[in-house]
Amino acid sequence: QVQVVESGGGLVQPGGSLRLSCAASGRLFSIFRMGWYRQAPGKQREMVASITNADITSYAESVKGRFTISRDNARNVVYLQMNGLKSEDTAVYYCKITPSIGTGYWGQGTQVTVSS
């Protein structure tokens, strides 16, 4: 069994910063990709950023230059540093762990609200 737990969400003013963390534990032999997705009310879930075990990163156009994804392979933790937050970044942020073999695992999500 695999557990995926996000943390670090909250309320922040426009222009502010937050750092999300996601820790994976359980029966994981190796992780291929760790990623962050988000879902705003009334919208589909979208990919925000991802990073592979070769440190290849990918970002949504809307967050390039503002968000940075990183990972600690030894601890199976992935981070999302979010700077210059905008109201349109408000969403529930989900972490997804994709192992080298098998399907991915989702966390429960953490709320990020950007508002003055």
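As a starting point, this report considers the structure included with it. It should be emphasised that the depicted structure is a prediction, and the values quoted were computed from it without experimental measurement.

### Points about the sheet that holds strand E3 (residues 18-26)
Taken together, the four strands give an open sheet; going across it, the order is E1-E3-E8-E7, and neighbouring strands pair in antiparallel fashion. Each of the sheet's edge strands pairs with one partner strand only, and the pair in question is strand E1 (2-7) and strand E7 (67-72). Each adjacent strand pair in this sheet contributes to an overall mean axis angle of 15 degrees, direction not counted. Here six bridges tie E7 to strand E8 (residues 77-82), and the two strands are oriented antiparallel to one another. Within E8, the position partnered with Thr-68 by the bridge is Gln-81.

### Considering the nonpolar core
Soluble globular proteins tend to pack their nonpolar side chains together in the buried interior. With 29 residues, the main nonpolar core has Trp-36, Leu-80, Met-82, Tyr-93 and Ile-97 as its most contacted residues. Within the residue set of this core, elements represented by two or more residues are E1, E3, strand E4 (31-39), strand E5 (46-52), E7, E8, strand E9 (91-99) and strand E11 (110-114). Ignoring any residue separated from it by four or fewer positions in sequence, one finds Met-82 in contact with Gly-16, Ser-17, Leu-18, Leu-20, Arg-66, Phe-67, Tyr-93 and Val-112.

### With respect to the pairing of E7
Judged by which residues are buried, E7 turns out to be one-sided: Phe-67, Ile-69 and Arg-71 face inward and are buried, whereas Thr-68, Ser-70 and Asp-72, on the alternate face, are not. Here E7 folds back onto E8 in antiparallel fashion, the turn holding four residues, of which Asn-76 has a positive phi close to 55 degrees.

### Side note on the side chain of Arg-71
Residue position: Arg-71 is located in strand E7. Buried charge without a salt bridge: Arg-71, with Asp-55 as the nearest opposite-charge side chain at an N-O distance of 5.1 Å. Within the local environment of Arg-71, its side chain forms a polar contact with the backbone oxygen of Ile-51, the two atoms lying 3.3 Å apart. There is a polar contact of 2.4 Å between the side chain of Arg-71 and the side chain of Asn-73. Beyond its immediate chain neighbours, meaning those up to four positions away, Arg-71 contacts Ile-31, Phe-32, Arg-33, Met-34, Ile-51, Thr-52, Asn-53, Asp-55, Val-77 and Val-78.

Definitions and limits used
- Residues numbered from 1 in each chain as written.
- Predicted model: local features only at pLDDT ≥ 70, side-chain atom pairs only at ≥ 80, totals over all residues.
- Heavy atoms only, no water.
- Pairing = 2+ DSSP bridges.
- Helix = DSSP H or I, 4+ residues; strand = E, 2+ residues; numbered from the N terminus.
- Axes fitted to C-alpha atoms, helices over the stretch in contact; angles between N-to-C directions.
- Core = buried A, V, L, I, M, F, W, Y, C linked by side-chain atoms within 4.5 Å.
- Buried < 20%, exposed > 50% of the residue type's maximum accessible area, 1.4 Å probe, protein only.
- Contact = heavy atoms within 4.5 Å.
- Lys, Arg positive; Asp, Glu negative; His and termini not counted.
- Salt bridge = Lys/Arg side-chain N within 4 Å of Asp/Glu carboxyl O.
- Polar contact = N/O pair within 3.5 Å; in protein donor to acceptor, adjacent residues only side chain to side chain.

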